[in-house]
Amino acid sequence: MTVGHVHGEAFKLMIYACKCGHREVIWNSRDGVTPFGLNCPSCGGLSLNHVEWSRGVYAPKHTLHQDQRFWRDGTPDEAEAIMRRRIARMRDQYPLSPEDETKLIHESREGAEGDFRKGWPFLDRNL
Ligand SMILES: [Zn+2]
């Protein structure tokens, strides 16, 4: 871990690799958590994993390349959008009352606990 940061992956260029052959370097733009596994853009599996941790370069001043992906903190609006999609996807199997849907959406924005705790990781792309 780099001195002065809470998370070992703070400001690192992180190597992700998939068994299909896809490989990608994703920059962690902040001192925050990052998920170990992602959906792979090449094969669609949930198998794009953070690998070769010791080769991750600490790069607090990294300049993003065009189309390079990077981690940043997610916003309340993004948390709400994700929660709304989840609710819609699950609606047939697990219908909720409108009050419960509103509560879940509110909680996702608040970020007190669960997937959207303050500083939750959002994977963005430098366009
Ligand atoms: Zn893959």
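For the structure, check the block above.
Reading guide: rules and limits
Along each chain, the written sequence defines residue order, and numbers are assigned to residues from 1. Restriction of local features to residues with pLDDT of at least 70 applies here, the model being predicted, together with a cutoff of 80 or more for giving and counting side-chain atom pairs; totals for whole chains, interfaces and linings are based on all residues. The basis for every side-chain value is the complete set of non-hydrogen atoms in the structure, without hydrogens or water. Any two rings among Phe, Tyr and Trp, with Trp reduced to its six-membered ring, count as a pair given centres within 6.5 Å; such a pair is stacked if its planes are under 30 degrees apart, edge-to-face if over 60, and tilted if neither. Labels follow the DSSP assignment, with helices taken as runs of H or I lasting at least four residues and strands as runs of E lasting at least two, numbered in each case from the N terminus. Any residue under 20% of the maximum accessible area for its type is buried, any over 50% is exposed, and the rest in between are partly exposed; the area is computed with a 1.4 Å probe on protein chains only. Two residues qualify as a contact provided that any one of their heavy atoms is within 4.5 Å of a heavy atom in the partner residue.

Asks: Sorry if this is basic, but what is going on with the packing of aromatic side chains here?
Replies: Aromatic ring pairs: the centre-centre distance and the angle between the two ring planes describe each pair. For the structure on display, the rule yields three aromatic pairs. Judged by centre distance (6.5 Å) and plane angle (50 degrees), the ring pair of Tyr16 and Trp71 falls under tilted. A residue pair is termed long-range when its members are at least 10 positions apart, and Tyr16 in strand β1 (residues 12–17) and Trp71 in strand β6 (residues 69–73) qualify at 55 residues. Residues Tyr16 and Trp71 agree in their burial class; the two are buried. Ring centres 6.0 Å apart and planes at 80 degrees place the aromatic pair Trp120 and Phe122 in the edge-to-face group. Overall, Trp120 belongs to the buried group, its relative accessible area being 7%. What links up through ring pairs into an aromatic cluster is the set Phe116, Trp120 and Phe122.

Asks: Which parts of the structure should I look at to understand the environment of Cys43?
Replies: Structurally, Cys43 is set in the loop between β3 (37–38) and β4 (48–51). Residue classification places Cys43 among the partly exposed positions, given a relative accessible area of 43%. Along the backbone, Cys43 and Pro60 are 17 residues apart, and their C-alpha atoms lie at a distance of 31 Å. Residues within four places of Cys43 in sequence aside, it is in contact with Cys18 and Cys20.

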